[in-house]
Each structure stands twice: as structure tokens, then as C-alpha cells.
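Working through the structure, step by step
Listed below, chain by chain, are the residues.
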Amino acid sequence: MASTHVTKRAKYKTTIKDPGTPGTLRMTFEKILFVPHNPKSAGKLDVEFRYIKGQKHTKEGSNKPPWLNLTNNQNGSFIFEFENYSDLQECRDFVGKVLAKGGEVSEKPTVAYPDEQLSAAEMELRIKLLQEDSELQKLHKQFVLSGVLTETEFWATRKKLLDREASKKTKQRLGFKSAMISDIKPSTDGRTNKVTFNLTPEVILQIFAEKPAVHRAFLSYVPNKMSERTFWTKYFRAEYLHSTKNSIAAAAEAAEDEELAVFLKQDDILASEARKKIRRVDPTLDMEADEGDDYTHLPDHGILREGSKEMTESQNELYKRSLSQDINRHAAVVLEGRAVDVELEDTKAVAEALAQSKQKSSNKGESDGDTSRERLDRLSRMTEIEDLQGPNTLPLAPLCIKDPRDYFDSQQANALRSSGDALGEIEQIKCGLSTQEVYGSLRESISSIKAMGLKEPIVKPEVAHQVFDALTNSISNTKYHIGKNPQESVLDRLPRKTKEELLHHWTSILELLKHFWASYPITTTYLYVKVNRLKDAMSNIYPQLEEIKGSVPSELRHQVSLLVRPMHQALDAAIQHYEASMQKRSAQSGERPNGYV
Amino acid sequence: MKFQIEDVTVYFPYDYIYPEQYSYMIELKRALDAKGHCLLEMPTGTGKTIALLSLITSYSLSKPETSIKLIYCTRTVHEMEKTLAELKLLHNYQIKHLGPQARLLAIGLSSRKNLCVNPTVLAAENRDSVDAGCRKLTASWVRAMAAENPNVPTCQFFENYERAASAAVLPPGVYTLQDLRVFGKEKGWCPYFLARHMVQFANVVVYSYQYLLDPKVAGIISKEMQKESVVVFDEAHNIDNVCIEALSVSVRRQTLEGATRNLNRISQEIDRFKATDASRLRAEYNRLVEGLALRGNLPITDNWLSNPALPDDILKEAVPGNIRRAEHFLHVLRRLVQYLRGRLDTENVEKESPVSFVASINSHAGIDQKTLKFCYDRLHSLMLTLEITDTDEFLHIQTICDFATLVGTYGRGFSIIIEPFDERMPHIPDPILQLSCHDASLAIKPVFDRFQSVVITSGTLSPIDLYPRLLNFHPVVSRSFTMSLTRDCICPMVLTRGSDQLPVSTKFDMRSDPGVVRNYGKLLLEMVSVVPDGIVCFFVSYSYRDGIINTWNDSGILKEIMQHKLVFIETQDVVETTLALDNYRKACDCGRGAVFFSVARGKVAEGIDFDRHYGRLVIMFGVPFQYTLGKILLARLEYLRDTFQIKEGDFLTFDALRQAAQCVGRVIRSKADYGMMIFADKRYSRHDKRSKLPSWILSHLRDVNLNLSTDMALHIAKEFLRKMAQPYEKIGGSGRKTLLSEEDLEKMGDGGMDEMLY
């Protein structure tokens, strides 16, 4: 369908029950325009397509009239009734095309009313998540497949999981290997004198990063002047010459072959980079500045040939490169990390990507106005002697939690004892401030915010850290105890099977409760149905819990009942609430909630 | 905090003070009261610098009628920056408590290279090119020319500074080199000349040793300092070496060739001037008849490195007649170069005293001692007359004149050694003639004579009685402080055997033994796997280090080390070393951890701190003895034996151990810091070697740690690190306090103090 718009006669209905306003529906790639026949009626509509999330329609042959339901991203919907099914199909295809262009929603038509449209990728992700996490899979099986929860409901509470999974797709970047490139050892075939080097794009990237001159040579020579193969052959020939430490031979070879000379010479790019970098180093390390004041080491002054000063051969120095230089360079590159983030396939691509990233970083480097400021700050921080300073406590009032159990309710029964400890510890932290002081400090900070606006860290990181420490103290405590002494955990003393069952029940109860409480207040029939389903599922758990209690050996029964008790309590509370609200509902059944069909 | 030491109120910018800092201040105050010199050893990591600065500034605050100037000498520019940063902290504190009367002016002074802000001049590579580049724009004759011809380039910053004239002053405050540059850029004034000018008015001047000790520089920079100044040499354990190096010159073939080129150029210039402006040469002649003393009136920009060693009275004498005329002087120099060339063509090693050398010059080249003595200044004057600005091209002839003046001035304490080749490379002919100074007291004598109080201080001055003999002075106070520790935060160990229980050493006959090299490698490999953050390794020399690293590289040990930590290496190229250090710190900061390979007696060992996580372990591979077969060292040892009755062996051990102590001492910065030190050589377990270590290291060297093998050392290291990771009480446990608060000091008063401190 090549047409850029569709125009059909249709009726626009605000709800399903609405008899509809007759008019003309015109859809272009950008927007949907509905003009009623009767200009006085109110049903005029003008919606941009980008707000449309998906479409639903009735099937031909069902007893419903041809409806097209377009949902927008605020969960509202526009329903159009067409004169016949072919019109509907045309419009449906058009909408499908436009939505596909938006790339958001697949065209998989679904009929089930509360279902959402899923892209294949999302589906895949969910399947993957289920496969990876057996507990999740169990829950899914238990509730979704048995019909207690729908697929959407199940995942709606796990949006975060889906998000995180999605963001994880950008993998952690790998750094360079710690091994040096000179460690690439050739393999020989054993018969001839030929050696073979295996170069991976990984290694090549490392070579380029460590030797900018080779990188530059590669960009300018390959493939115009020589093939990539010849290039690397020359490179390793140069490396071989270098490894023989025979600088005279290297000089001779370099004189004959100017391309080879590029590899043998000192790297001029490195030298110029070094000069640039040296301006940015910490002044407390800058030994280069010392040379400025060193008047005894003028050429030929001072004492030569003493143990410390050794001779350097000046001849052929151009072609000498020491191992220490290589090591330093290597470590610097490893430290800098990988600047390029491309799929390593093609050498050429690698070379160009590296060149680009260098360009960027050099541009960035030019605007280093405040780096010197930063350097000075650092210097002054370093000059202070930390332990001579007074105790550097920041004004803070520890949070006072009346019942830590409220806070740490995710902890299990065995955590209770240690959280009791934590309570004690929290009390031990001296409340260094009186209420007035706290109030004063609050006022002060508010007025400073008024004056200066919010500054970057609103709370000082140190303060935040300290408060956080106090809060999490007991969590880490519990973990510590459990990790340290397995005997202290009640669960570990139970038989394996019972333990697993208990844990499973605990998670499934949590899941159910989560959905249950999330459904209140009940505003739609859908929720009403859902709550009923959940309630049934919950009441099924009681006998199961009793069964577990009965199955354990008598000496552990008490422990188990301790563990089960909070579950019971939670369930009881939910069911009580359910019953109470049911009564209320029946009392005022005359009124119907919004959207009740 | 502030407290009272006798009649002086000391302002100290921290809430607590270490007891040794307090007693250090007391001793320092006594020396200042007595107006004498003093020698103070206090371990690194106890805040020497801040103690010193706060006492001296407080002392001068309490005695406003006598303006005491502090001249603080550091060895390196980065130490200068650090000192100024500490002073800034102190100054802020004093201003806060005393108000505007505590204001002082403190500046750092360095060469043009570090202070210049003119981008065209700064583009030059080294110091001498920068100096020359500056002169090309600011020399008096260049500026005179520019006044007539606007196309002649000048330096905008200097012109602005000149125009501002007496208005160009620095407001009170503490200025690091960076601050000076920023200030100069802001105002458009040349920071270098501004700083040079402000030296006279500053209360605190921080600069390099050379500015006081090297007579070439001292003559111009330090001549206006008044006698009441207090001079401090910080990190002065190597001061004797600095002194003798300042007065040593060597001449090689390249020097002579360069000098000949320079002479040719000078003779061309003379011819040119004769043709165009003969009056200048005549004016110079007349001035020389009157003596050299007139130099003081030269414009500041024409000033040069001054005479290396002339006593004041010589400056008033007339220059000898035979070198007053330019071409005559040129002939003398040519003859001198010719003579030296002849001396270099020798087959054997020769050693001579300056007296006989001068006699020989006199008979062969016809130049007498007095003429030699004046060479340096005569050259200086000639180059000014000839308006030569590219002074960096004339270094060779300056060296020759330097040599001539030294040899003509000093009859004792020097020797001239001519070697046809380097002993370690006998097949390469590389003749060298060296004038080496043996007597450190010669260079430092003017300082002791001129200034009322000279403080020599360092973390390692043991044995402390040796320094007064080497430098020939009489300190009124000479004290060595130990370190009071809250916990055993340093852990020195002597490792005598490797993992295979065979002895390790860098003794000459053992050092190339593959077993020793492997054992050293294994030691480091084990340590990198247990020690967090930074590790520093010191080797005895560059060549030994390069050899050992090559071997480790070949045997794969280096690769294994790299699995744990990044490796950085000090090279002779300072730029590369600086970058390597910067990266090393980054690696430690980001938690990756790194190893730094350095060399004892190298630049890093002298000046860089590896405090806190930058150095949790130092390994000293071997004993850093000097190259004992070197002719110069032998001559110096002979001189020391004859004049000071110091035995050769004693001096060598003293020298090696102070270097070793210096290397390992760089790990500690404060008492909250901790670090381990491994002396990996069997010779350290001998009492005669070990006992030369400073007492603060010795007191922590337990007997069980004296004879360890690699596995035992590893075990101790693990234990130590575990212990150090625990929280501890900063104030110190029962009995001795290691941190004093203001109340503690008041309580101590006079009576209780002694038992608490000593």
C-alpha cells in the first residue's frame, strides 16, 4: 500500500457503550483526524500518531461490529466503528505500518483484552530471565500458568529486572591485557627458518595504542603503498632487529629501507605527547622542573663517572629503545584503558576508530582550564598531616528508628535477635546534637540553599555515608553472623526439603501479597476479579503450611512454627482486609465504581 | 593550636602536635637564641617542615624589632612547592589568629624555565635555551635597539614590569611558582624578574640549594641577603655531595671542540666590532683596569652566572694586563684549550694536584695562576661587550673558563684526574679530564660565615657527629630525635636468603649469579601478590637494574609480576620518569596497584615521597655502595683520611647506608601511615652495616627480623598488613602520649615535660 493516507467513513466512540458519532476518519503518517458529519457535535479528534501505542480490532466473523481500538500512551483509547470489515482491514494495515515505522510495537495482533503488546526482544528477555533464575521460574509456573496472575501482572512488578537486564546489554568494557606486546612469540614450523606471528585485532589495537608511530604509518601506508601483510612483516622485522639489541645493524637496515626506519626510530608522537602531558602532572612529582635549578649538572659540570651517573652511548641512539621505555609505555596504555569501543574485526576499522578517539581526547585536552586548579587543591590536601588534625566529625544526628524490625522486615526470624543488637548499637551512638542545634543547622542549610541554589551533592557525602552506615549496621551484622556461624541460622538446621519448601512458600506469599495489596483500592472489575483469584490462592497456602509443620521432626517443630508465624500473620491480615472491604462493598453495592462495565 | 615555648608564642596550624615536633622546636629555638648553627635529625613522617616553619615564623613574629628572614633551601622544585603549600596552610592559620600583623611575603624562586610566562621563550627545550631566549628579548642592548626600531622583538611581560617600575611589587602572601606565574600573567609582569626583585623584601624565600651553594648562582641571587637570616637546608643528608659537585668540572674532547668553535665565533665578533664600533672594546678595556667590581651596576637582565669561586677582594683588583685586551684574552684561551687537548691525549690514568697542574700550564702554555683565576669573569665581560645573547651556544667555553678559574683559585681540596677511557668500557677511548673537589666545606663555608644561623636537617643524618667534620663547622645544637609511635607502623626486615635458602646479595662476585637474580625476582613476585597498592623497589645502579629486569623479562618473572600490578620504571630521562611517576600514582589511586623500579642515588630516591597507598612496601635490593674503583672516589677517600681521619671503609658504609635509609624512609608520612621496608642483602644482617642505619629504623628492627628468607618475610608481611588494617586509638595508649593537644602542652609546663618526651 503505497498511499500516504487513508480516508474512511467511521463512527467515533469514546467508550464501548457509546453509540458513536458518525464522521470521516482520515489517517496520515503523522496524525489521525476525525471530523464528524454534524459540525455541531463534539467528537472532533486530532491526534498525533506518535502518541499511539498499539491497536486492537475485532475479528471478522465474530458477532461484534468492525471496531478498531487505538490505545495511546496514557492508556486511553479511541474506538472507531467502520461500515464494513474491509475498511477496518485497510485502516488496520495502515496503522500497523505507521506503528512499525515508529519501531515500537510489533504487529502481532492480540485479542485478549488486558494483554499488552510485546516485542519479540522483550519476550526473549523474559524467557531468558526465567531460564536463568529457577526461583522465578517456579513462581511463574505456579501463578501464571495456573492462572492466578496474568503474564502482564507478573512482570509488571518486575519492571526493574527487565530494565536492568536491558541496560546490561552494554557489556563491561574490557581493558588491555597486562601482558606486553613483546610477549607475542612466533610459532615455527620446525623445518624452515620461517616464523609465523598470529595477530588478532586485539593485539593490533594494543600495538597501535602503544606505538602511535606504527599507527600513523599504518594509516598512511596501508593499503595504498603496501598490503597489510607486508606492513606487519616489516613491523616484526623491525621488532626482531630491536630485540637483537644491535643498534648498528638496525641503523644500517633503517638507512636502506625508509619504511622500516619508521618502526626502528624513536616514536616522535610519543615524545610530543609527553611534552604535552608533562604540563599537567602533579607539581609534587615534576622532576623536570628541577632541571631548571640544577646548575651543577650543566654539561661537563659536577662529577661524572660516579656510580650514579652512567654513560650513554650517543652513537646510534636514534635506533635504541630500552626495555624500560617499553614497559612504561605499556603500563601507561593499560592504565589509560581502551578508548575504542568497536567490534574488533577489521584492522583498518580498528586503526581508524583509534585515530578518531585520539582526536576527541586531544580536543578535550585543550580545554583544561581548571585542571591546574584541581592540581593545586590536590596538592594542598596532600600537604596536610591528617592525624594531627582534630577529630573531623561532621554535624549529624543519627536516625532514630523506634523499632528496627519495621525497617528490617525483609530479614527473617533469625535476624530478629541481631537487629535487637543493632538497636542497642544505635542507641550507643551518641546523639551529638540537641534538637535546637539540629533545627539550627537545618535552617542554616535551607537559607544557604535559598541564597546559592542547590549545589551538587546536596548532602555531604561523608554525612550521608555515616548515616547510611548506622542504618545498615545491623544488616551487615546479620550477614556476618550467618556467614560466620552456620549453626546460628535456624533455617540451616532444618531438613533440606523443608527448608526449600519454606523458602518457596515465603517467596510465593510475598509475591501474592505484593499483588494483593497493589490491587487496592479496587476500582475496576478487573481488579476485583484479580483480588478474588489472589485470595483463593492465598487461602490454599494455609493447609500447605500446616502440612509442612506436621512433616518436620518434633524437635524442630517449634522453630518452624516460629518461621511460619509471620507468614500466617501476613496472610491473615490480607484476608481480613479482603473480607472487610467485601462487606463494605456489598453495603454500598448501589454505587458502581468508575469504569465498571 | 598555639602554645608557649619560653618567650615565644608558637602558632601551629593543627589541633595536635607530635611530641618530637615539640622538642624539635625547643632545640631549634635554642639554636636561634644562641645565634648559631644547628644540626637536627628527625625521622621522616614526623612533620619536620611544618614544625620548622611554624617555629621560625612565630619566632620572628614575637620579635618584631629584628626582622628575621628565612631562607629555606630545598633540593628540588617539587619539594619547594610542597614547602610553600605547607607554609600557606600555616600562614592562613596565623592570619586567622593574629590578624593582619601576621602578614608575610613568602616566595619561591626558580630559574626562568619554571617562571617564564612568555610563550615564545617557553617553547625552548631546556633551561639554557630558555635563558638565552629570554636574554634575546630583554638584554639591555636589545631593548635599546628596540627603542629605535619597533621591529626588534621584545618581551611584553618584561617591558610592562619595567614600566611599572617601583609599583611592581607583590602584595603579602605565600606564592608558589604556580601562583607567581598566575600573578604575572594577570598583571602582565614578568614573574621571574618580579620574584628576583622581591627576594630582598620577602620574609621567607624558598629556593634550591644551588642558589646558596653554587657560587656561580649564589653571587647574583643571594648577595643581598642580610646576616640575620636563618638558612635552612632541608633533606640535607646529601649536602656534602651537593657541595663538592658544585665545585667540580670535567673536560672532554667534545668540550674542547665546542670551545674552539666558540672561540672562532668570538674572534669573528671581535673583528666585526673593531670595524664598526671600536669604542665599545676600548671602554671595556678601561673598565677592566678599574676592576671587576663594577659588575654590580649592570642591568638586572644582563646578569649572568657569576664567578664560580672568587673571594670578594679579588673583585676589586684590576684584571691582569695580559688579558685586558679582547684579542689577547682570546689568545690565552686558545693556548689553554690547546694545552688541555694535549693533556687529554694520554695513555695512562694521571692524577695531579692543582698546584702542580697550574705550574705545568705556566711552563707549557705560559699562563700564570692569576690570569687563570680571572678567566671566568673576563669571558663574562667580553661576551657582554660583544652583545652575545645566544648564551646557550657558549656553554663549552664557559666550562673551560670555569675550570681555569677554579684551578687557579684553590690550591688544596681538589685534584685533577685524567682518564683515557672509562674503566668499565676499556675498549672505547673517551678521555676525560676532571677537576674534582673533595672538600665539601669549601662550598658551604661562605654560607656559614655569612649567616647567623644555619639549620641542617634531615630524616637521616646518622652518624650525626660526622657532618660537622665533613662540612667543617661547629653546631651549637646537634640532636637526633627518635619517633614515638602510636603503633608499630613501620616494619623493617632484613632478608638474607631467597626462597631456596641460598644467600642473596649484590656483592660484586654474587650480583650476576642467576640464582640471586631469580631469588630477587621471586621475592618481588611473592610480595606483589600480598601487598596492596604501591610497591617501590630500589636497585643499586641503573645498569644493574636494567640487567636484572632484562633477565626477569626473559625468564617470565616480569610477566607474572604484571599479572598483579602495573610496572613503572625510572629512566635517566626525567620527562619519562615524571610521566611514569604520575601514572604510578594514578594506578595506586584507582586501586589497580603498581610497582615502581627505581635506583638508589637516583632522582626519584632523593625527592619523591611514596607515602600512604603510594608505597606500602619498599624493597632495597642490595647495598648501594658507590663504585669503589672510581678514581675520583678513591681520591676523595684519600683526602678524607688525610684531613679528617675518616677511614675509607667507614665512609663508604656510611654513604651507602644513608642512601639506603633515604630510599626506605620515603614510605612514611605521618603516624597514621604505615609501610614495610625490606633490605634484601645478606650484608645488612652484619652489625657494622646495620648499626649505621638511623635510630628510628633500628628501633623497629626486631632481632627475629634480621635473618629472614623469602617465605618468612612473606608471612611477616601478611601479618603486618592485617594488623595495620585494624582501627586504632590515635592519641596513643597508656603511658607515653604520641599526640599532644594544647592542654597537654600547658599541663606539661616546664617540669613534667622531660619525662614525657625523652
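On a predicted model such as this, the values are computed, not experimentally measured, just so you know.

A word on the overall build of chain B. Summing up its helical and strand segments, chain B has 34 helices and 21 strands in all. Over its C-alpha trace chain B gives a radius of gyration of 28 Å, about what one expects of a compact globule, namely 27 Å for 758 residues. Taken across its 758 residues, chain B has 64% of its residues classed as buried. For chain B, the share of sequence-separated contacts (at least 6 apart) that also reach a separation of at least 24 residues comes to 79%. As displayed, chain B offers around 27,400 Å² of accessible surface, 51% of which is attributable to carbon and sulfur atoms. Treating the 91 positive side-chain charges of chain B as one cloud and the 91 negative ones as another, the clouds have centres 1 Å apart.

Helices and strands together make up the secondary structure of chain A, namely 22 helices and nine strands. In chain A, the proportion of contacts linking residues at least 24 apart, taken out of those at least 6 apart, comes to 60%. Surface exposure of chain A reaches about 36,100 Å², of which carbon and sulfur atoms provide 53%.

The next subject is the pattern of salt bridges. When charged atoms on two side chains of opposite charge get close, those side chains can pair. All names here are of chain B. In this structure the tally under the stated criterion is 43 salt bridges over all chains. Between Asp240 and Arg636 there is a salt bridge, with its nearest N and O atoms 3.4 Å apart. Of this pair, Asp240 sits in helix 13 (residues 239-246) while Arg636 is found in helix 28 (residues 631-644), placing the two residues 396 residues apart along the sequence. Grouping residues by exposure puts Asp240 and Arg636 together as buried.

The next thing to look at is the interface of chain A and chain B. Every contact between the two is made by 65 residues of chain A and, on the other side, 105 residues of chain B. Both sides together, the interface formed by chain A and chain B hides about 7,600 Å², and carbon and sulfur atoms give 58% of it. The tally of links from chain A across to chain B stands at zero salt bridges. The set of elements that each furnish at least two residues to the side of chain A that touches chain B consists of helix 11 (268-278), helix 12 (323-336) and helix 14 (371-383) of chain A. Ranked by residue count, the leading element in the side of chain A that touches chain B is helix 12 of chain A, at ten residues. Taken together, the residues of the side of chain A that touches chain B break down into 27 nonpolar, 17 polar and 21 charged.

Looking now at the packing of helix 14 (residues 253-276) of chain B against helix 20 (residues 395-409) of chain B. All names here are of chain B. It is the contact of helix 14 with helix 20, at a shortest axis distance of 7 Å, that shows an interaxial angle of 110 degrees. Put simply, helix 14 runs roughly perpendicular to helix 20. Across the interface between the two elements, Gln254, Thr255, Leu256, Gly258, Ala259, Asn262 and Leu263 from helix 14 touch Leu395, His396, Ile397, Thr399 and Ile400 from helix 20. Its residues assigned to classes, the contact of helix 14 with helix 20 comprises six nonpolar, six polar and no charged.

This paragraph deals with the nonpolar core. All names here are of chain B. By size, the foremost hydrophobic cluster in this structure holds 177 residues, and its most contacted members are Phe3, Ile107, Phe233, Ile239 and Ile456. Split by domain, the residues of this core number at least three in each of domain 1 (1-69 + 457-484 + 734-757) and domain 2 (247-439). Counting residues in hydrophobic clusters, the runner-up holds 124 residues, among them Val540, Ala580, Ile678 and Leu701.

Another point: the sheet that holds strand 5 (residues 105-109) of chain B. Sheet strands pair via backbone hydrogen bonds, and the direction of the pair is either parallel or antiparallel. Residue and element names in this part refer to chain B. Sheet architecture is open: eight strands sit in the order 6-5-7-4-8-13-3-14, paired in parallel fashion. Edge strands, defined here as strands with exactly one partner in the open sheet, are strand 6 (173-175) and strand 14 (477-480). In this sheet, adjacent strand axes meet at a mean angle of 15 degrees when their direction is disregarded. By the bridge criterion, four bridges tie strand 3 (residues 38-41) to strand 13 (residues 453-458) in an arrangement that is parallel. Along strand 13, the bridge assignment pairs Glu41 with Ser458.

The next point concerns the side chain of A:His568. Along the chain, A:His568 turns up in helix 22 (residues 554-587). When near neighbours in sequence (up to four residues on either side) are disregarded, A:His568 contacts A:Tyr542, A:Leu545 and A:Glu546.

Moving on to the pairing of strand 5 of chain B. Residue and element names in this part refer to chain B. Across the five residues that make up strand 5, a large majority, five, are buried. Residues Leu105, Ile107 and Leu109 of strand 5 are buried on one face, and the alternating residues Ala106 and Gly108, pointing to the opposite face, are buried as well. Taken together, the three bridges between strand 5 and strand 6 define a ladder with parallel strand orientation. Paired with Ala106 across the strands is Val174, a residue of strand 6. Judged from the four bridges that link them, strand 5 and strand 7 (residues 204-208) form a sheet pairing that is parallel. From the neighbouring strand, Gly108 faces strand 7, where its bridge partner is Val206.

Further remarks concern the sheet that holds strand 6 (residues 67-72) of chain A. Residues and elements named next belong to chain A. Judged by pairing direction, the sheet is antiparallel, and its seven strands sit side by side in the order 4-3-2-1-7-6-5 without closing on themselves. Two strands close off the open sheet at either side, each with one partner strand: strand 4 (45-48) and strand 5 (52-57). Between one strand axis and the next, the sheet turns by 30 degrees as a mean value, whatever way the strands run.

All right, on to the packing of aromatic side chains then. All names here are of chain B. Under the criterion given, the structure shown has 37 aromatic pairs over all chains. Ring centres of Phe651 and Phe654 lie 5.7 Å apart, and the angle between their planes is 50 degrees; on these two criteria the pair is classed as tilted. Highlighted residues: Phe651 and Phe654, both in helix 29 (residues 648-664), separated by three residues, approximately one helical turn. Here Phe651 and Phe654 have matching classes, each one buried.

Compared with the 22 Å implied by 1.5 Å per residue over 16 residues, the 22 Å span of helix 26 (residues 574-589) of chain B between its first and last C-alpha is a close match. Just downstream of helix 26 of chain B lies B:Gly591, where phi reads positive at about 90 degrees.

This part covers the confidence of the model for chain A. Segments scoring low in pLDDT should not have their predicted coordinates read at a detailed level. Residue and element names in this part refer to chain A. On average, residues of chain A score 70 in pLDDT, and 66% of them reach the 70 mark or higher. Ignoring residues within four places in sequence, the model shows residues 305-316, a span with pLDDT below 50, making 29 contacts including any to other chains. Residue range residues 478-487 is modelled with pLDDT below 50. Its contacts to residues more than four positions away, or to other chains, number nine contacts.

Let us look at the side chain of B:Asp390. Residues and elements named next belong to chain B. Checked against the element boundaries, Asp390 lands in the loop between helix 19 (369-385) and helix 20. Residue Asp390 is classed as buried on the basis of its relative accessible area, which comes to 16%. In this structure the side chain of Asp390 is engaged in a polar contact, spanning 3.4 Å, whose partner is the side chain of Arg265. Those residues in contact with Asp390 that lie beyond four places of it in its chain are Ala132, Lys136 and Arg265.

We now examine the packing of helix 2 (residues 120-132) of chain A against helix 3 (residues 134-145) of chain A. Residues and elements named next belong to chain A. Viewed as axis vectors pointing N to C, helix 2 and helix 3 meet at an angle of 110 degrees, and their least axial separation amounts to 5 Å. With respect to their mutual orientation, helix 2 and helix 3 come out roughly perpendicular. Of helix 3, the residues touching helix 2 (which contributes Leu129, Leu130 and Glu132) are Ser134, Leu136, Gln137 and His140. Of the residues that constitute the contact of helix 2 with helix 3, the class distribution is three nonpolar, three polar and one charged.

Parameters at a glance
- Residues numbered from 1 in each chain as written.
- Chains lettered and ligands numbered in written order.
- Predicted model: local features only at pLDDT ≥ 70, side-chain atom pairs only at ≥ 80, totals over all residues.
- Heavy atoms only, no water.
- Helix = DSSP H or I, 4+ residues; strand = E, 2+ residues; numbered from the N terminus.
- Rg over C-alpha atoms; globule rule 2.2 N^0.38 Å.
- Buried < 20%, exposed > 50% of the residue type's maximum accessible area, 1.4 Å probe, protein only.
- Contact = heavy atoms within 4.5 Å.
- Areas by Shrake-Rupley, 256 points an atom, 1.4 Å probe, with all protein chains shown as cover.
- Lys, Arg positive; Asp, Glu negative; His and termini not counted.
- Charge placed at Lys NZ, Arg CZ, Asp CG, Glu CD.
- Salt bridge = Lys/Arg side-chain N within 4 Å of Asp/Glu carboxyl O.
- Buried area = accessible area lost by both parts, 1.4 Å probe.
- Nonpolar A, V, L, I, M, F, W, Y, C, P; charged D, E, K, R; others polar.
- Axes fitted to C-alpha atoms, helices over the stretch in contact; angles between N-to-C directions.
- Parallel < 35°, antiparallel > 145°, perpendicular 65-115°, else oblique.
- Core = buried A, V, L, I, M, F, W, Y, C linked by side-chain atoms within 4.5 Å.
- Domains from an automatic or database assignment.
- Pairing = 2+ DSSP bridges.
- Phe/Tyr/Trp six-rings, centres within 6.5 Å; stacked < 30°, edge-to-face > 60°.
- Expected span 1.5 Å × (residues − 1).
- pLDDT = per-residue confidence, 0-100.
- Polar contact = N/O pair within 3.5 Å; in protein donor to acceptor, adjacent residues only side chain to side chain.

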